[in-house]
Amino acid sequence: MIQSYLIAEEGLTKGMVFILESRLTVGRGEENDIRLNHSTVSRQHTLVYLENGQAFVQDMESRNGTYLNGERIDRATLSSGDIVWVGDVALRFLQAQDQDVIDVGSETQELSHPNVSRGLTGGELPARFREAISKVPFLSNFPEEELAAVGQAAKPKLVKQGTVIVREGDRGRSMYIVLEGKVEVLTHNDHAEDLHVAYLRENDFFGEISFLTAAPRFATVRAADDTLLCELTYESMKEVVRQSPAVKEVLNKYYRERLRELQAKKKTPK
């Protein structure tokens, strides 16, 4: 059976795949199936749908129009490999057998390396993450060979705005690097009220306290924008930390500073 889907070709959502089962709306508004937070995208911009086994794309009276392979359209049929431009954001329409389809659409999505038609190929994402994580303080002086191994073990995740990534008190030993977007760090006071601690942006990281100590999470972190993260699991990193005193020293430094910051925030009167 042939399955249809759209792949975002660029920007924060690059590599994200949306299965087309009947219809998908695309736009800047939160009500859309594919939300594109871009100035050239209208609140309700484009509709992609199936009808009698054929895929169609339709403009929803958008301000900047919908384009198919460079030509502005009101409504048109789609073929595998076509590029749909929603404002200045490109989405590739692809069709493949069921076994090639990537299951997506959750609030926190692991990005895969689809090997279908003209979609993204395996190897693009590790190179991108290897470059990004090389800018993170505790990995900045890492040898290229070891950095490549970390990049291969990293798990990219696209997190929708408002999604809680880690919750205070929960267990978990992954740490995260912010590649694009912004997250908010929160803690609770004695009345269980949320207290803002900090915003973390590109090349910042969090989760190192639980990563190092296996203690429950000391803070809640949620996505302030649609955010692209790199997850490093304890299993993938424990040998790196064990063999590299410099990495452990930097992580311990941040660990101590952030504990002090959280404790000070809890004691601050409202």
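Right, let's walk through the structure included here. Worth saying up front: this structure is predicted, and the values here are computed from it rather than measured.

1. Describing the sheet that holds strand β4 (residues 34-35)
So, step 1. Strand order across the open sheet formed by 5 strands is β4-β3-β5-β6-β9, with mixed pairing between neighbours. The sheet is open, and its two edges are formed by β4 and β9 (75-77), each paired on a single side.
So, step 2. One ladder, built from 6 bridges, connects strand β5 (residues 46-51) with strand β6 (residues 54-59); its direction is antiparallel. Looking at β6, one finds that Val48 is bridged to Val57.

2. Focus: unusual backbone geometry
So, step 1. You will see that Asn69, though not glycine, has its phi angle at about 50°, which is positive.
So, step 2. If you trace the backbone, Asn69 turns up in the loop between β7 (66-68) and β8 (71-73).
So, step 3. Phi at Asn203 takes a positive value of approximately 75°, unusual for a residue other than glycine.
So, step 4. On the secondary structure map, Asn203 appears in the loop between β17 (194-200) and β18 (205-206).

3. Topic: the pairing of strand β19 (residues 220-223)
So, step 1. As judged from the 2 bridges shared by strand β14 (residues 164-166) and β19, these two strands associate in the antiparallel manner. Bridge pairing in β19 places Val164 opposite Arg222.
So, step 2. In this structure, strand β16 (residues 183-188) lies alongside β19, joined through 4 bridges in antiparallel fashion. Opposite Leu186, over in β19, you have Thr220 as the bridge partner.

4. Structural notes on the side chain of Thr220
So, step 1. With respect to the helices and strands, the residue Thr220 is situated in strand β19.
So, step 2. Looking at Thr220, its side chain comes within polar contact range of the main-chain nitrogen of Glu168, at 2.9 Å.
So, step 3. Those residues in contact with Thr220 that lie beyond four places of it in its chain are Val164, Val166, Arg167, Glu168, Glu184, Val185, Leu186 and His188.

5. A few points about the packing of aromatic side chains
So, step 1. Counted according to the given criterion, the structure contains 2 aromatic pairs.
So, step 2. A ring pair is formed by Tyr49 and Phe56, whose centres lie 5.5 Å apart and whose planes are at 20°; its orientation type is stacked. No difference in accessibility class separates Tyr49 from Phe56, as the two residues are buried.
So, step 3. Across from the ring centre of Phe56, 4.2 Å away, lies the NZ or CZ of Arg75, which sits over that ring.
So, step 4. In this structure, Lys182 packs its charged tip against the face of Tyr199, placed 4.7 Å from the ring centre.

6. Some points on the pattern of salt bridges
So, step 1. Counting across every chain of the model gives 3 salt bridges.
So, step 2. For Glu51, the salt bridge goes to Arg75, with nearest N and O atoms at 3.8 Å. Of the two residues, Glu51 sits in strand β5 while Arg75 sits in strand β9, which places them 24 residues apart along the sequence.
So, step 3. With relative accessibility at 38%, the residue Glu51 sits in the partly exposed group.

Definitions and cut-offs
- Residues numbered from 1 in each chain as written.
- Predicted model: local features only at pLDDT ≥ 70, side-chain atom pairs only at ≥ 80, totals over all residues.
- Heavy atoms only, no water.
- Pairing = 2+ DSSP bridges.
- Helix = DSSP H or I, 4+ residues; strand = E, 2+ residues; numbered from the N terminus.
- Polar contact = N/O pair within 3.5 Å; in protein donor to acceptor, adjacent residues only side chain to side chain.
- Contact = heavy atoms within 4.5 Å.
- Phe/Tyr/Trp six-rings, centres within 6.5 Å; stacked < 30°, edge-to-face > 60°.
- Buried < 20%, exposed > 50% of the residue type's maximum accessible area, 1.4 Å probe, protein only.
- Lys NZ or Arg CZ within 6 Å of the ring centre and 35° of its normal.
- Salt bridge = Lys/Arg side-chain N within 4 Å of Asp/Glu carboxyl O.

All quantities given are derived from atomic positions and should not be read as evidence of function.
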